[in-house]
Amino acid sequence: GGSYSNPLNKNSQHITPDFILEENNGELVLGLNSKNIPELRVSSTYHNMLVAYQSRKDKPTKTDKEAITFVKQKLDSAKWFIDAIKQRQQTLFITMNAIMYHQKEYFLTGDEQKLKPMILKNIADEINMDVSTVSRVANSKYVDTPYGTKLIKEFFSESMKNDKGEDVSTREIKNILENIILEEDKKKPFTDDKLAEIL
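Residues numbered from 1 in each chain as written. Predicted model: local features only at pLDDT ≥ 70, side-chain atom pairs only at ≥ 80, totals over all residues. Heavy atoms only, no water.

(A) Spotlight on the overall build of the chain. The helix and strand inventory of the chain stands at 8 helices and 6 strands. Put simply, the chain runs from its N terminus to its C terminus through helices and strands in the order α-β-β-α-α-α-α-α-β-β-β-β-α-α. Of all 199 residues assigned to the chain, the portion counted as buried reaches 26%. The contacts in the chain between residues at least 6 apart in sequence include a share of 51% that link residues at least 24 apart. Carbon and sulfur atoms make up 51% of the accessible area of the chain, which totals about 14100 Å². (Helix = DSSP H or I, 4+ residues; strand = E, 2+ residues; numbered from the N terminus. Buried < 20%, exposed > 50% of the residue type's maximum accessible area, 1.4 Å probe, protein only. Contact = heavy atoms within 4.5 Å. Areas by Shrake-Rupley, 256 points an atom, 1.4 Å probe, with all protein chains shown as cover.)

Have a look at this one:
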């Protein structure tokens, strides 16, 4: 709050989400945050320069040939860079889209008990990418949801089987335990065995 009350404080940091996830009539809509995606294009000046060199009527000098080669290499590098950025954005979108559908019930309700067990390998297998790619997305990217801005890795958890043989997220187990502990008599807290029995 201090950073808002003091306009001279320039050190406040705000998370800019990489994705925006909205619910619209029971359907989830995912988008990349355009603030994080600058419009990249190659300056027409360099393209025009290359065309001008190549369209000269007189025989090109050695310097002209070197200039043409230099400009062409730089244009190719710029185009490669733009293509790489587009590929990265596509990878980010595909990854988050798979996470969104895996955790659809949570994103529709905001109820953390609806989070399904999900590990990096589940998503990697689904989108046919390496686990390390999914890990990089999960560990460093944020999504703006109707329930707040969340770090994507928060949606991942291991699973355990309950006594009915159903998979339960370890995150759900932690939430249940936290609620039990919050409501217990602090003068006479539950033993681990009692917590396990209640759980």
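What follows continues from the structure just given.
(B) Layout of the confidence of the model for the chain. Confidence along the chain averages 81 in pLDDT terms, with 86% of residues attaining 70 or more. Per-residue pLDDT, averaged within each element of the chain, yields its smallest value for helix α1 (residues 2-5) (60) and its largest for strand β3 (residues 142-145) (92). (pLDDT = per-residue confidence, 0-100.)

(C) Structural context of the nonpolar core. Residues Met-96, Ile-152 and Phe-155 are the most contacted members of the largest nonpolar core, which totals 23 residues. For this core, the secondary-structure elements that each account for two or more residues are β1 (19-24), β2 (27-32), α3 (62-102), α4 (104-109), α5 (120-127) and α6 (131-140). The element best represented in this core is α3, accounting for 5 residues. The residues contacting Ile-152, other than those within four sequence positions of it, are Phe-19, Met-96, Ile-99, Val-137, Ala-138, Lys-141, Tyr-142 and Val-143. (Core = buried A, V, L, I, M, F, W, Y, C linked by side-chain atoms within 4.5 Å.)

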